[in-house]
Amino acid sequence: MTQIDLTLTELEQGWHQSADYFSCNYCDAHFACDQVFPVDDAFYPAERMIQHHLQTAHPDATHLLIQTKSKYNTLTAKQQDLLAAFSQGTKDAEIAKQMGVAAATIRHQKFTFREKAKQAKLYLAIYNRVFQTTPAAETFISLPEQTGAVDDRFAITTRDYQQLTAKYFTSTTPLRLARWPKQQKAILVPVVLVEMGQLKYIKSLAGLHF
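Residues numbered from 1 in each chain as written. Predicted model: local features only at pLDDT ≥ 70, side-chain atom pairs only at ≥ 80, totals over all residues. Heavy atoms only, no water.

*Asks:* Break down the pattern of salt bridges for me, citing the residues and quoting the values.
*Replies:* Applying the stated criterion to the full structure yields 2 salt bridges. A salt bridge links lysine 110 to aspartate 92; its shortest N-O distance comes to 3.0 Å. Of this pair, lysine 110 sits in helix H6 (residues 103-131) while aspartate 92 is found in helix H5 (residues 92-99), placing the two residues 18 residues apart along the sequence. Since its relative accessible area comes to 17%, aspartate 92 is described here as buried. The shortest N-O distance in the salt bridge between lysine 118 and glutamate 115 comes to 3.3 Å. Here lysine 118 and its partner glutamate 115 are both found in helix H6, 3 residues apart, which amounts to about one turn of the helix. (Salt bridge = Lys/Arg side-chain N within 4 Å of Asp/Glu carboxyl O. Helix = DSSP H or I, 4+ residues; strand = E, 2+ residues; numbered from the N terminus. Buried < 20%, exposed > 50% of the residue type's maximum accessible area, 1.4 Å probe, protein only.)

*Asks:* How would you sum up the environment of arginine 48? Please name residues and give values.
*Replies:* Within the fold, arginine 48 resides in helix H2 (residues 46-57). Judged by its relative accessible area of 30%, arginine 48 falls in the partly exposed class. Residues arginine 48 and valine 36 lie 12 residues apart in sequence; the distance between their C-alpha atoms is 9.3 Å.

*Asks:* Residue-level account of the nonpolar core, with values.
*Replies:* By size, the foremost hydrophobic cluster in this structure holds 13 residues, and its most contacted members are Phe31, Met49, Ile50 and Leu54. For this core, the secondary-structure elements that each account for two or more residues are strand E2 (21-24), strand E4 (36-39) and H2. The dominant element in this core, judged by the number of residues it contributes, is H2, at 4 residues. Those residues in contact with leucine 54 that sit more than four places away from it in its chain are Gln13, Gly14, Trp15, Cys24, Tyr26, Pro59 and Ala61. With 7 residues, the next largest nonpolar core counts Leu82, Ala85, Phe86 and Phe113 among its residues. (Core = buried A, V, L, I, M, F, W, Y, C linked by side-chain atoms within 4.5 Å. Contact = heavy atoms within 4.5 Å.)

*Asks:* I'd like to hear about the sheet that holds strand E1 (residues 15-17), residue by residue, with values.
*Replies:* With respect to topology, 3 strands assemble into an open sheet ordered E1-E2-E3, the strand pairing being antiparallel. Lying at the two open borders of the sheet, with one neighbouring strand each, are E1 and strand E3 (30-32). Between one strand axis and the next, the sheet turns through 15° on average, direction left out of account. Bridge analysis of E1 against E2 gives 3 bridges, and the strand direction is antiparallel. Note on E2: the bridge partner recorded for glutamine 17 is phenylalanine 22. Contacts from H2 reach E1, E2 and E3, with the element oriented near 10° to E2. (Pairing = 2+ DSSP bridges. Axes fitted to C-alpha atoms, helices over the stretch in contact; angles between N-to-C directions.)

What follows is the structure, given as structure tokens:
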């Protein structure tokens, strides 16, 4: 599994879990889920052990993440240096002095980072909503029972119904037909909107039998 295949949480924390192991994102270290591991005078379960590993073997994990070698890491070298300095808690004035720029430049860059983070958060929300949400199954409306053959004309989804109602009726309460539809499927919509006792004139026009 590459770093790009990891979730946002897994990237941030520096480790990921599979069915059998807790694994480090930065080296080959991994710890079996069903084992405990001795550390000094204690025994750590795998999840606690991977956290201990990150703290001891990769105290610079934030820097490693900033410097990730990937085409998706579009940070420039200067931006990486700035983020590394921010992560250490270095004051803006000190960073400006080290880089030979005005403190206002550093503050502006920090503001830019925040704005990009907001954009990325919204983009991820949109992307997940569009591509990772299971579309709701289409539902079909109930039509009066037919004595003859039932074909595709009778497969009217809720969306079809709403679109056809808006197209051919000026009002449904009270019922006002703007114009009589020509398509066979569309003709069924007035049938649904009128009670069975009022369908005589519709039956004759639509050629339906109830």
